[in-house]
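Structural characterization, general
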Amino acid sequence: MTLAPEADESALQAAFDATIERHDRIEPRDWMPEAYRKTVVRQVAQHAHSEIIGMQPEGNWITRAPSLRRKAILLAKVQDEAGHGLYLYSACETLGVSRMELTEMLINGKQKYSSIFNYPTLSYADVGTIGWLVDGAAICNQVPLCRTSYGPYGRSMIRICKEESFHQRQGYELLATMMRGTDEQREMVQESVNRFWWPALMMFGPPDDDSPNTAQSMAWGIKRNTNDDLRQRMVDMTVPQAEALGVTLPDPELRWNEERQSYDFGSPDWDEFKDVIKGNGPCNKQRIAHRRRAHEDGAWVREAATAFAARTEGDG
Amino acid sequence: MTEIQGDWPLYEVFVRGKRGLNHVHVGSLHAADDEMAVRHARDVYTRRNEGVSIWVVRSDAITASSPDEKDPLFAPSGDKVYRHPTFYDIPDNVPHM
């Protein structure tokens, strides 16, 4: 049966729309609108890059972890971040983008990663704070994404969410241990929380009235909640955790709203957010330079493995 | 060899969660050869005892049905309700069936 191309396209679009309408999943070889494909590639690539760049701030402390136990935990966590990046690259590649292109786009600044990883880790307490707040925010963001409309992305998220819980708990436990220590250690924790609280809330992206892609992404089922909804959820979950820990969240406007049954809170500095996204955060240049160096320094290993594979091909 | 500039080949990974279960597709990865693919699959997909056995196969070796042929390919089973046990009426007084 041959249809005129435009009739064909509208039938395909109708089938795609019906799949989204049923909350069913879109799979790699299904027809999809080009704009949908581009949006998923952009979001999944940005997510993958964030995992890969996210290894750096914490990797910074591996050699200086205070005990073998903490060092083993931190190594496992950073290795998980690498794994999460790989799950997501694998999902992204099902849409016809190659791994090499993705790596190039990260290194050349054509694709972004989460703004949070452009902040430095100045003290060991930051390892705990990142686990608690940054991975906590990531969990808020990622749990609904397990139901995202693009099948391979959702399956990656399910795998990742199972592992994130370890990340958050090790961070909270680390901070709780320091809070039971000396005054100096407690001050380190508070100072770290003061630095990371606002950047962690920025991780959900700009406010809804300044987020042009949200409506379309939600209509396609790629995103399941708005940025502000997720940010509110994060605040509501975190306040009692902060109380139990004995730290203060650095927001004078933070208070319980009986009517809404939620916490009211202040607004992050969105000018700072935009500036960091533009590349002017404290560590943007360092993060990309490090990733580029690792890629270039690894070139001979990739070449050697390829040459070895070519030579032994057919031996088996 | 021009491959050097490009990616290593893509492999699909299948993991058997425990004895008695089928291998299930879990994702893909790049590796220079089959042996490296198994090692990478171990590191990427089984960090927490998710598997007791791994299969890897080069993605370009897989032949798949096409989504466009879904109807002609699967339609023949649609009208054969007699393949299901519920198609048959068995009197209520017949036990164990």
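Residues numbered from 1 in each chain as written. Chains lettered and ligands numbered in written order. Predicted model: local features only at pLDDT ≥ 70, side-chain atom pairs only at ≥ 80, totals over all residues. Heavy atoms only, no water.

1. Observations regarding the packing of helix α6 (residues 125-145) of chain A against helix α10 (residues 227-245) of chain A
All names here are of chain A.
- At a minimum axis separation of 10 Å, α6 and α10 run at an interaxial angle of 145°. The handedness of the crossing between α6 and α10 comes out as right-handed. Contacts between α6 and α10 involve Trp-132, Leu-133, Gly-136, Ala-137, Cys-140, Asn-141 and Pro-144 from the first element and Leu-230, Arg-233, Met-234, Met-237, Thr-238, Gln-241, Ala-242 and Leu-245 from the second.
- Here the contact of α6 with α10 is built from residues that sort into 10 nonpolar, four polar and one charged. (Axes fitted to C-alpha atoms, helices over the stretch in contact; angles between N-to-C directions. Helix = DSSP H or I, 4+ residues; strand = E, 2+ residues; numbered from the N terminus. Left-handed = near helix turned anticlockwise from the far one by under 90°. Contact = heavy atoms within 4.5 Å. Nonpolar A, V, L, I, M, F, W, Y, C, P; charged D, E, K, R; others polar.)

2. Digging into the pattern of salt bridges
- As enumerated under the stated definition, the model contains 23 salt bridges over all chains in all.
- The residue A:Glu163 makes a salt bridge to B:Arg48 at a minimum N-O spacing of 3.3 Å. Of this pair, A:Glu163 sits in helix α7 (residues 151-179) while B:Arg48 sits in the loop between α1 (34-45) and β3 (53-58), each in a different chain.
- Accessibility expressed as a relative area gives 3% for A:Glu163, which makes it buried.
- Its relative accessible area of 34% is what places B:Arg48 among the partly exposed residues. (Salt bridge = Lys/Arg side-chain N within 4 Å of Asp/Glu carboxyl O. Buried < 20%, exposed > 50% of the residue type's maximum accessible area, 1.4 Å probe, protein only.)

3. With respect to unusual backbone geometry
- Non-glycine residue A:His23 carries a positive phi angle of around 60°.
- With respect to the element layout, A:His23 can be found in the loop between α1 (5-21) and α2 (34-53).
- The class for A:His23 is exposed, based on a relative accessible area of 54%.
- Non-glycine residue B:His96 carries a positive phi angle of around 55°.
- With a relative accessible area of 84%, B:His96 lands in the exposed category.

4. Let's talk about the interface of chain B and chain A
- Of the residues lining the interface, 25 residues belong to chain B; the matching set on chain A comes to 24 residues.
- Taken together, the two surfaces of chain B and chain A that pack against each other cover about 1900 Å², and 53% of this comes from carbon and sulfur.
- At the boundary of chain B with chain A, the tally comes to four salt bridges.
- Counting across the interface, chain B meets chain A through 13 residue pairs in polar contact (both at pLDDT 80 or more).
- Mapped by element, the contributors of at least two residues to the side of chain B that touches chain A are β2 (23-30) and α1 of chain B.
- Here the side of chain B that touches chain A is composed, by residue class, of 11 nonpolar, seven polar and seven charged. (Buried area = accessible area lost by both parts, 1.4 Å probe. Polar contact = N/O pair within 3.5 Å; in protein donor to acceptor, adjacent residues only side chain to side chain.)

5. Re the environment of A:Cys161
Residues and elements named next belong to chain A.
- In this structure, Cys-161 sits in helix α7.
- Sequence separation between Cys-161 and Leu-145 is 16 residues, and the spatial gap between their C-alpha atoms is 9.6 Å.
- Excluding residues within four positions of it along the chain, Cys-161 makes contact with Gln-142, Val-143 and Cys-146.

6. Describing the confidence of the model for chain B
- Mean pLDDT over chain B: 89, with 93% of residues reaching 70 or higher.
- Across the interfaces of the predicted complex, the ipTM metric reaches 0.88, alongside a pTM of 0.92. (pLDDT = per-residue confidence, 0-100.)

7. A word on the pairing of β2(B)
Residue and element names in this part refer to chain B.
- With seven bridges joining them, strand β1 (residues 10-16) and β2 adopt antiparallel strand pairing. For Val-15, the partnering residue across the bridge sits in β2 and is Val-24.
- Taking the residues between adjacent antiparallel strands as the criterion, β1 and β2 are bridged by six residues, where Gly-20 takes a positive phi near 100°. (Pairing = 2+ DSSP bridges.)

8. Side note on the side chain of A:Thr103
All names here are of chain A.
- The topology assignment puts Thr-103 in helix α5 (residues 99-107).
- By relative accessible area, which is 7% here, Thr-103 ends up buried.
- Among all residues touching Thr-103, those that are not within four sequence positions of it are Arg-291 and His-295.

9. Notes on the packing of aromatic side chains
- On inspection of all chains with the given rule, the structure shows 10 aromatic pairs over all chains.
- With centroids separated by 5.6 Å and ring planes inclined at 25°, the aromatic side chains of A:Tyr87 and B:Tyr45 adopt a geometry described as stacked. Residue A:Tyr87 is found in helix α4 (residues 68-93), and its partner B:Tyr45 is found in helix α1; the two belong to separate chains.
- On the basis of relative accessible area, A:Tyr87 is assigned to the buried category, the value being 3%.
- Judged by centre distance (6.3 Å) and plane angle (75°), the rings of B:Tyr82 and B:Phe87 are edge-to-face.
- We classify B:Tyr82 as partly exposed; its relative accessible area is 42%.
- By relative accessible area, which is 44% here, B:Phe87 ends up partly exposed.
- Put simply, the rings of A:Phe16, A:Trp31, A:Tyr36 and A:Trp220 touch in pairs and so form one group of aromatic residues.
- When the ring centre of A:Trp61 is taken as origin, the NZ or CZ atom of A:Arg64, which lies over that ring, is 4.2 Å away. (Phe/Tyr/Trp six-rings, centres within 6.5 Å; stacked < 30°, edge-to-face > 60°. Lys NZ or Arg CZ within 6 Å of the ring centre and 35° of its normal.)

10. Structural notes on the side chain of A:Asp251
Residue and element names in this part refer to chain A.
- The topology assignment puts Asp-251 in the loop between α10 and β1 (255-257).
- Arg-255 provides the closest opposite charge to the buried, salt-bridge-free Asp-251, at an N-O distance of 7.7 Å.
- Apart from residues lying up to four places away in sequence, Asp-251 is in contact with Trp-197, Trp-198, Phe-265 and Gly-266. (Lys, Arg positive; Asp, Glu negative; His and termini not counted.)

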